[in-house]
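Structural overview for review
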Amino acid sequence: MRAMALTGLRQFDFIEKEKSAISNETDALIRITHVGICGSDIHYFLEGGIGGQIVDYPFVIGHECSGIVEEVGRKVTSVKPGDPVALEPAVSCYDCDQCNAGRPHTCRNLVFMGAPGQKSGALADYVILPEINCYPVPREISLAGACLVEPLSIGCYATQLAGKIKDKTLGILGTGPIGLGTLFSVLDKNPTNIYSTDKLDFRNDIARETGAVYSGNPETVDIVKEIRTEVPEGLDVVFECCGQQEALDQGIRLLKPGGSLVIVGIPSEHRISFDVSALRRKEITIVNVRRQNHCMKPAIQLLKQYPEIESRLHTHTFPVAETNQAFDLVANYQDGVVKAMIALGDS
């Protein structure tokens, strides 16, 4: 089978891999149709690694994906050949203390698709995953839409961890795909108002169209001053969705005493810092989000409830032969990109 592999910095090439056969009776063989480009993929593309996860070339990346079930093991009951599915890329053991505590996302033995040293990624004609990682999607959701389920699930989980949202005033700092997914998720919980920020004005426009009452660019305006002018008492919850130290600092300044900072973004630095005096005086709660936990199905429901999610988030599609061009576009934030996808098969 074909796979599109990283063969060097900023370089993808086709390679041939043996098509895997199902060996576990609870596994499914999936024909991949769409792969979304995630920020972590861009780190592998530009830098050859993230922290201690270093790419050993050639390596197939990609973890946001959807496809069609082609074959199933004899004990598989939840999906069948021909089913369109969204795929959960984190494969857990369901036998360790974390899995038994209902936390498969922090499984002691977890392997993640498209992560160096763990599991080959989705930029291939076929993948094999356990049945539990395959989520059927209704026919009204396209396969491109199904590819959005995994990143949307992170916003759903962040919203869940934030606690009661109804009648709260919220901030979302960074309105890329994860931030916009979080925005759609919190809209479903009836907040009073949502204030958002991003350094790309076209993303601020999308956030306002989606439901934010304010969306400002921290490079051109004092977003803390502007938001605190509208909400002098401060925000109840701030979702930091861009992984930037300055956004974390802004979040603390924007929060009211007793507020919560939900860290969704992944900083590129190994350490971040906080104004401890402000944290203590305000008694701020810090919530850290690790991917998602049991939120793939809620994300599918969110897509059904808000069909406009697909058109707002999915801005570009490239054939697999143009993977290099797709990654260049995303890495350089070109052409109004929010979520770019690679199309590997029929949609």
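Definitions and cut-offs
Residues numbered from 1 in each chain as written. Predicted model: local features only at pLDDT ≥ 70, side-chain atom pairs only at ≥ 80, totals over all residues. Heavy atoms only, no water. Salt bridge = Lys/Arg side-chain N within 4 Å of Asp/Glu carboxyl O. Helix = DSSP H or I, 4+ residues; strand = E, 2+ residues; numbered from the N terminus. Buried < 20%, exposed > 50% of the residue type's maximum accessible area, 1.4 Å probe, protein only. Contact = heavy atoms within 4.5 Å. Axes fitted to C-alpha atoms, helices over the stretch in contact; angles between N-to-C directions. Parallel < 35°, antiparallel > 145°, perpendicular 65-115°, else oblique. Nonpolar A, V, L, I, M, F, W, Y, C, P; charged D, E, K, R; others polar. Left-handed = near helix turned anticlockwise from the far one by under 90°. Pairing = 2+ DSSP bridges. Arc of directions from axis to C-beta. Right-handed = clockwise from strand over helix to strand, strands pointing away.

Overall, the coordinates contain 13 salt bridges when judged by the stated rule. With a closest N to O distance of 2.8 Å, Glu-64 and Lys-339 form a salt bridge. Of this pair, Glu-64 sits in strand β6 (residues 64-72) while Lys-339 is found in strand β19 (residues 339-343), placing the two residues 275 residues apart along the sequence. Assigned by exposure class, Glu-64 and Lys-339 land together as buried. The partner of Lys-80 in a salt bridge is Asp-83, and the shortest N-O contact between them spans 3.0 Å.

Another point: the side chain of Asn-133. Within the element layout of this structure, Asn-133 appears in the loop between β10 (126-130) and β11 (134-136). If sequence neighbours within four positions are ignored, Asn-133 has contacts with Ala-86, Leu-87, Glu-88, Pro-89, Ala-90 and Val-91.

Right, let's talk about the packing of helix α5 (residues 177-187) against helix α6 (residues 201-210) for a bit. Between α5 and α6, the least distance of the axes is 11 Å, while the angle of their chain directions is 10°. By the criterion of interaxial angle, the relationship of α5 to α6 is roughly parallel. Of the residues in α6, those touching α5 at Pro-177, Leu-180, Leu-183, Phe-184 and Leu-187 are Arg-203, Ile-206, Ala-207 and Thr-210. Of the residues contributing to the contact of α5 with α6, the split by class is 7 nonpolar, 1 polar and 1 charged.

This part takes up the packing of helix α4 (residues 149-161) against α5. Here α4 crosses α5 at 55°, and the two axes come no closer than 8 Å. In this view, α4 runs oblique relative to α5, as classed from their interaxial angle. Note on packing geometry: the crossing formed by α4 with α5 is right-handed. Within the contact between the two elements, α4 uses Pro-151, Leu-152, Ile-154, Gly-155, Cys-156 and Thr-159 and α5 uses Ile-178, Gly-181, Thr-182, Ser-185 and Val-186. In terms of residue class, the contact of α4 with α5 is made up of 6 nonpolar, 5 polar and no charged.

On to the sheet that holds strand β14 (residues 214-216), then. Spatially, 6 strands are ordered β14-β13-β12-β15-β16-β17 in an open sheet, and the strand pairing comes out parallel. Looking at the sheet topology across the chains shown, the edges are occupied by β14 and β17 (285-288). Recorded for the sheet is a direction-independent mean angle of 15° between the axes of neighbouring strands. Summarising the sheet, strand β13 (residues 193-197) and β14 pair through 3 bridges and their orientation is parallel. Across the sheet, residue Thr-197 finds its bridge partner in β14, namely Gly-216.

Turning our attention to the environment of Asp-41. Tracing the chain through its elements places Asp-41 in helix α1 (residues 39-47). Sequence separation of Asp-41 and Leu-279 is 238 residues, and the distance between their C-alpha atoms is 33 Å. Ignoring sequence-local partners within four residues, the contact set of Asp-41 consists of Gly-36, Ile-61, Gly-62, His-63 and Phe-327.

Every α-helical turn comprises 3.6 residues, leaving residues that sit three or four positions apart pointing alike. Along α6, the positions that sit buried rather than exposed are Arg-203, Asn-204, Ile-206, Ala-207 and Thr-210. Take α6 and look down its axis: the buried residues cluster within an arc of 160°, on one side only. Where α6 terminates, the next one or two residues include Gly-211, which has phi positive at roughly 150°.

Burial analysis of β19 places 4 of its 5 residues in the buried class, the great majority of the element. Where strand β3 (residues 27-36) lies against β19, 3 bridges are found, and the strand directions are antiparallel. By the bridge assignment, Val-35 is partnered in β19 with Ile-342. Bridge count for strand β18 (residues 314-319) against β19 is 5 bridges, and the pairing is parallel. Looking across to β19, one finds that Phe-318 is bridged to Ile-342. Of the crossover connections in this fold, the one passing from β18 over helix α12 (residues 323-331) to the parallel β19 is right-handed.

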